[in-house]
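# Architecture and fold: a report
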Amino acid sequence: MVIEERKECGEDLNDEIIDKITEKRLLSEVKSGIQTIQYQLITLMTCNGQTPFVTMFMYLDEVEDGQIRDDLALIIQEVMIQRMAGVKNEKGVWVTPAFPKLIYVLDEDNIHEDSKYYYLTELAAKCTAKRMVPDYISAKIMKELKQGNVYTCMGCRSFLTVEESQKNPDGSHKFYGRFNQGVVTINLVDVACSSYGDMDKFWEILDERLELCHRALRCRHERLLGTVSDVAPILWQHGALARLQKGEKIDELLYNGYSTISLGYAGLYEMCYRMLGVSHTDPMGKEFALKVMQRLNDKCAEWKAAENISYSVYGTPMESTTYKFAKALQKRFGIIKGVTDKNYITNSYHVHVTEEIDAFDKLKFESDFQKLSPGGAISYIEVPDMQQNIPAVLSVMKFIYDNIMYAELNTKSDYCEVCGYDGEINIVEDSAGKLVWECPNCGNRDQERMSVARRTCGYIGTQFWNQGRTQEIKDRVLHL
Ligand SMILES: [Zn+2]
């Protein structure tokens with residue numbers, strides 16, 4: 001185009017000038033392209049009024065070395081620059097967008113200070129400090145856990161399993177196009193409370209409840225059986241998930257490892273506390289917790305062998321279910337100190353939000369449990385405003401690279417529209433005992449006039465939360 005234009009205008013065709021202009025045009029095109037994707041995604045709505053959950057997976061080695069990888073690096077760089085700027089809300093204030101979620105893969109070519117793409121990793125650290133994302137996948141640890149593969153999760157944390165039956169034409173394992181059939185979550189705290197601390201009873205009730213979850217998962221699966229591709233042509237006919245014929249049933253995609261189905265679990269911490277009186281960070285608690293996790297995996301393997309459906313263990317996000325489970329526990333068992341005395345229960349294998357533990361110990365401890373959550377899980381550390389301490393963010397990222405497959409940093413980036421305060425907005429109790437958000441600068445409590453972004457787990461919420469989740473956020477201790 002540049003050559004054509006210059007010819008038309010009678011300008012000389014100096015290669016150096018043409019290259020310069022071309023490069024400049026390319027950069028501006030990348031910029032517009034990224035902006036278009038960002039705005040299209042957050043202004044699109046699904047039928048229930050939510051932004052579609054899209055995860056952008058930024059993995060340099062997904063393309064071959066050379067020009068194409070450098071081009072990908074340029075796109076990744078622009079994504080992060082624009083994320084740091086934020087997007088304007090309905091009042092024209094620049095705020096943290098919740099979507100798309102960004103994942104940045106740490107690898108040999110970007111994690112060391114002398115790596116070729118280290119500048120991108122530094123940019124990612126700044127972006128995380130400002131906007132909570134990207135989250136991080138360690139290519140090194142993932143290859144150990146996933147038979148040499150590095151691939152994205154779906155949404156916030158749901159991972160497909162590596163299946164020998166699912167290969168691309170070039171012989172590599174297939175991930176793109178595969179999907180998940182749904183989740184049913186076992187409330188481990190309820191199993192512990194129902195056994196009243198009796199260990200034999202615990203294992204007996206656990207097996208019963210797992211069978212109940214199994215039946216519920218079968219309901220999800222059977223609900224999908226017989227679905228024809230026409231119900232969602234983009235998914236089933238045009239290649240998002242498959243290229244089936246019109247009127248063809250999706251049934252074969254539900255078997256043989258093409259899709260997975262998830263056995264979720266919650267409250268490993270409270271379960272341990274009820275059974276043994278200690279946290280799972282205690283060696284005795286850890287041994288028991290790992291044994292329970294192993295049982296969940298063994299059950300999934302048993303069901304998979306019998307039915308050819310790919311069951312896998314999944315650390316459920318439980319954005320609202322945490323409150324529902326906690327309320328149900330209180331109703332059945334009353335208040336048991338350290339077990340049912342909160343309006344939430346602990347997510348998956350996580351260390352309790354109030355437990356004092358430093359970032360590095362937490363990530364190291366949780367990595368043993370992540371191994372036993374092949375259907376997905378994410379670890380996080382809670383940190384203060386880190387924008388003035390990027391080297392510390394980079395230290396955490398290097399630790400993630402060496403120790404854990406998938407982790408994130410929960411930073412704070414709120415905004416008060418009344419006074420312009422830019423920092424952390426607090427949770428306080430109002431006169432009626434309800435938890436409310438309050439600007440520490442001007443005392444504003446109007447949720448309509450503030451922008452709060454918190455990671456409830458795995459993904460960012462900006463629409464405020466129920467009382468159980470709000471209490472959990474309030475109780476979080478800092479790990480750094
Ligand atoms: Zn204010």
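Everything numeric in this text was worked out from a predicted model, so none of it was measured.

This part takes up the packing of helix α5 (residues 118-131) against helix α14 (residues 390-403). One can describe the packing of α5 onto α14 by two numbers: an axis separation of 9 Å at closest approach and a directional angle of 110°. Put simply, α5 runs roughly perpendicular to α14. Across the interface between the two elements, Thr 121, Glu 122, Ala 125, Lys 126, Thr 128 and Ala 129 of α5 pack against Ile 390, Val 393, Leu 394 and Met 397 of α14. Of the residues belonging to the contact of α5 with α14, the class tally is six nonpolar, two polar and two charged.

So, about the sheet that holds strand β5 (residues 135-138). Taken in spatial order, the five strands of this open sheet run β1-β4-β5-β10-β9, and their pairing is mixed. Two strands in the sheet have a free side with no partner beyond their single neighbour: β1 (55-58) and β9 (379-382). When strand polarity is set aside, the average angle formed by the axes of neighbouring strands in this sheet is 25°. Two elements, β1 and strand β4 (residues 101-106), share four bridges in a ladder whose sense is parallel. Pairing of Met 58 across the sheet is with Tyr 104, part of β4.

By the assigned domains, the chain splits into domain 1 (1-43) and domain 2 (44-413 + 453-475). On the side of domain 2, 13 residues touch domain 1, which itself brings nine residues to the contact. Grouping the constituent residues of the side of domain 1 that touches domain 2 by class yields four nonpolar, four polar and one charged.

Attention shifts here to the packing of helix α12 (residues 321-333) against helix α15 (residues 467-475). Running from N to C, α12 and α15 cross one another at 100°; their axes reach a closest spacing of 7 Å. Classified by the angle between their axes, α12 and α15 sit roughly perpendicular to one another. Taking contact as the criterion, the partners of Thr 322, Tyr 323 and Ala 326 in α12 are, on α15, Gln 467, Gly 468, Arg 469 and Glu 472. Residue classes in the contact of α12 with α15 are distributed as two nonpolar, three polar and two charged.

Conventions used here
- Residues numbered from 1 in each chain as written.
- Predicted model: local features only at pLDDT ≥ 70, side-chain atom pairs only at ≥ 80, totals over all residues.
- Axes fitted to C-alpha atoms, helices over the stretch in contact; angles between N-to-C directions.
- Helix = DSSP H or I, 4+ residues; strand = E, 2+ residues; numbered from the N terminus.
- Parallel < 35°, antiparallel > 145°, perpendicular 65-115°, else oblique.
- Contact = placed C-beta atoms within 7 Å.
- Nonpolar A, V, L, I, M, F, W, Y, C, P; charged D, E, K, R; others polar.
- Pairing = 2+ DSSP bridges.
- Domains from an automatic or database assignment.

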